[in-house]
2 protein chains.
Amino acid sequence: MLYLIGLGLSHETDITVRGLETIRKCKRVYLEAYTSILMAANQESLQKFYQKDIILAERELVETGADSILVNADTDDIAFLVVGDPFGATTHTDLVIRARELGIKVETIHNASIMNAVGACGLQLYNFGQTISLVFFTDSWKPDSFYDKIHGNRKAGLHTLILLDIKVKEQGIENMARGRLIYEPPRYMNIATACQQLIEIEETRKEKAYTENTPCVAISRLGSPTQTFRAGTLKELSEYDSGEPLHSLVMLGRQVHDLELEYLYAFVNDKELFKQQVVQDQEFFKPPPYVAEEEEFSD
Amino acid sequence: MLYLIGLGLSHETDITVRGLETIRKCKRVYLEAYTSILMAANQESLQKFYQKDIILAERELVETGADSILVNADTDDIAFLVVGDPFGATTHTDLVIRARELGIKVETIHNASIMNAVGACGLQLYNFGQTISLVFFTDSWKPDSFYDKIHGNRKAGLHTLILLDIKVKEQGIENMARGRLIYEPPRYMNIATACQQLIEIEETRKEKAYTENTPCVAISRLGSPTQTFRAGTLKELSEYDSGEPLHSLVMLGRQVHDLELEYLYAFVNDKELFKQQVVQDQEFFKPPPYVAEEEEFSD
């Protein structure tokens, strides 16, 4: 049996009791270690807590040699650990499909991920549209397909969860060209960079999906002991020192419920100012007034 | 301290290790028992597993007397347990806001909820639009505000998670009128009812948000030992016997990735037929071909 086990957001103890019991009976335990990190734990502390050795499953292993993970999984119990939920922001459907082809049973033990825990910022999950990802821009590569998705959400009045780029175990271009498995230091996009990039794309595209005065919520280290929320405009948050990773950003939709606004007040210094900013954004993006179509009369 | 603790989807052991440790140190433990249920556990089995007494927090208690939950929470540790995640489909932001007003600290221990675990059906969370809720229709009350939301998602090519009505501890109209705290037997909407209601509203509204041939995925008892997925058209699933609760439904968006389709094949009897249904739905809902605007020449 292949067990896909979610580790939750931060601590060793964020694993479920069922997940922990399962790991302890497994013959091999892999940890997917290239798309996210546990904020208050590491491989060593996990091994100690699980009383099990952990094999780091790096990108090369999962993408090129998933079969080595699945060796004997028809008879042995194998655990594949994923930060957050196994079907969270990054999914492992290809591993499951491969297991199926080999006749290996798969069981998932779910956990929290940013995709549902984002509700902790006080905005209702019902009022979110499509989730988007923002990657680190380079001088020559500034992918902006997220812009239309934000625009779609905003037109519908919905909030947008924006996941920020994580570069762990990335080869530099030179090392990749030379075939050297030497990695860049890990990089985690912070709130200021994310907001600057968002403002840059609005200045390029000019389709008014949002403005630099659009209110957002910065979510830092969600679920960890130093979890922090900060609400403000894109412009304000483009100068915000968000501290240690991980971070996510939510851009508010036009429809903000009173209870949502009330909740966000805990994350600002000046309630009145923030309320004005929310109202101004709503006014600015208000749908045009309804104009009745001309009636058509038949001859 | 008030701890909001998610219980996950099904088993007693779906609680996180940190959640369990926290419950055991709390002076009072409340279980929110009116918006969802744990499928493979009950109050008695939870009490035994936690080695703690549990106070059932029914709707009246939470909505009218939240303060009794918060008594002494400035000095004592109080746990408020919620099936899924505390900020999942049903949120408890009002309880947190009330605690803040009373100067009581709040900590959340997250867990899986349908809002992220739905990824287990193989559809990517990135490709979902707004989540909607479907309530039981009566002869005189058939609220259809969900229809425009599905339509919005479908226009954008996105999947829609449809949460199905749960009626636990509901007073009947007569008992409510007479002020009697007598409750109706619990009711959980099944897949067939959900699909019939969706078809009914399309037949009324006729705006072609979807057709009875639109492909959907029925998700039953997610995360429980009898978890079941079934893919088919709305029409097919309107006759599907989905068994014991709980159920959710996903309506596919126009954009279905090859890997998503491949994953869904495990949930159908006839792969070729299902593929045809998906392609037909995509064709039917294809955006109209692009027509270039007439160029404007200046004089």
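Everything here concerns the structure above.
Here is what the cut-offs are and how they apply
Residues numbered from 1 in each chain as written. Chains lettered and ligands numbered in written order. Predicted model: local features only at pLDDT ≥ 70, side-chain atom pairs only at ≥ 80, totals over all residues. Heavy atoms only, no water. Contact = heavy atoms within 4.5 Å. Buried area = accessible area lost by both parts, 1.4 Å probe. Salt bridge = Lys/Arg side-chain N within 4 Å of Asp/Glu carboxyl O. Polar contact = N/O pair within 3.5 Å; in protein donor to acceptor, adjacent residues only side chain to side chain. Helix = DSSP H or I, 4+ residues; strand = E, 2+ residues; numbered from the N terminus. Nonpolar A, V, L, I, M, F, W, Y, C, P; charged D, E, K, R; others polar. Least-squares fit on C-alpha atoms with pLDDT ≥ 70 in both. Pairing = 2+ DSSP bridges. Axes fitted to C-alpha atoms, helices over the stretch in contact; angles between N-to-C directions. Parallel < 35°, antiparallel > 145°, perpendicular 65-115°, else oblique.

1. A few points about the interface of chain B and chain A
Interfaces are often sized by the accessible area lost when the parts come together.
Here is step 1: Listed per partner, the contact involves 49 residues of chain B and 49 residues of chain A.
Here is step 2: In total, chain B and chain A occlude about 4000 Å² of area from one another, counting both sides; carbon and sulfur atoms represent 58% of this.
Here is step 3: Inspection of the region where chain B meets chain A yields 2 salt bridges.
Here is step 4: For Arg18(B), the salt bridge is made with Asp14(A), and the minimal N-O distance between the two is 2.9 Å.
Here is step 5: Our count for the chain B to chain A interface comes out at 21 residue pairs in polar contact (both at pLDDT 80 or more).
Here is step 6: For the side of chain B that touches chain A, the leading source of residues is helix H5 (residues 93-101) of chain B, giving 5 residues.
Here is step 7: Grouping the constituent residues of the side of chain B that touches chain A by class yields 23 nonpolar, 19 polar and 7 charged.

2. Concerning the relation of the copies chain B and chain A
Here two copies of a chain appear, and what relates them is a rotation about an axis with a shift along it.
Here is step 1: Once chain B has been moved 0.0 Å along the axis and rotated by 180°, it coincides with chain A to within an RMSD of 0.0 Å. Taken together, the rotation and translation relating the two chain copies correspond to the operation of a two-fold axis.
Here is step 2: When the interface residues of chain B are mapped onto chain A, 100% of them again lie at the interface, so the same face is used by both copies.

3. Quick notes on the environment of Arg254(A)
All names here are of chain A.
Here is step 1: Looking at the secondary structure, you find Arg254 in the loop between strand S12 (247-251) and helix H11 (258-264).
Here is step 2: Spatially, the C-alpha atom of Arg254 lies 12 Å from that of Leu123, the residues being 131 residues apart in sequence.
Here is step 3: Within the structure, Arg254 has its side chain in polar contact with the backbone oxygen of Phe285 (distance 3.2 Å).

4. Here we look at the sheet that holds strand S3 (residues 55-57) of chain A
Whenever strands of a sheet pair, they do so through backbone hydrogen bonds, lying parallel or antiparallel.
Residue and element names in this part refer to chain A.
Here is step 1: Across the sheet, 5 strands lie side by side as S3-S2-S4-S1-S5; this open sheet has parallel pairing. Each edge of the open sheet is held by one strand with a lone partner, namely S3 and strand S5 (106-109). Taken over all neighbouring pairs, the strand axes of this sheet differ in orientation by 25° on average, direction set aside.
Here is step 2: As judged from the 4 bridges shared by strand S1 (residues 2-6) and S5, these two strands associate in the parallel manner. Bridged to Leu2 within S5 is Val106.

5. Topic: the packing of helix H7 (residues 146-155) of chain B against helix H9 (residues 191-205) of chain B
Residue and element names in this part refer to chain B.
Here is step 1: Interhelical geometry of H7 versus H9 gives an angle of 90° and a closest axis separation of 11 Å. The angle between H7 and H9 falls in the class roughly perpendicular. Facing H7, whose interface residues are Phe146, Tyr147, Asp148 and Ile150, H9 presents Leu198, Ile201, Glu202 and Arg205.
Here is step 2: Of the residues in the contact of H7 with H9, the class split is 5 nonpolar, no polar and 3 charged.

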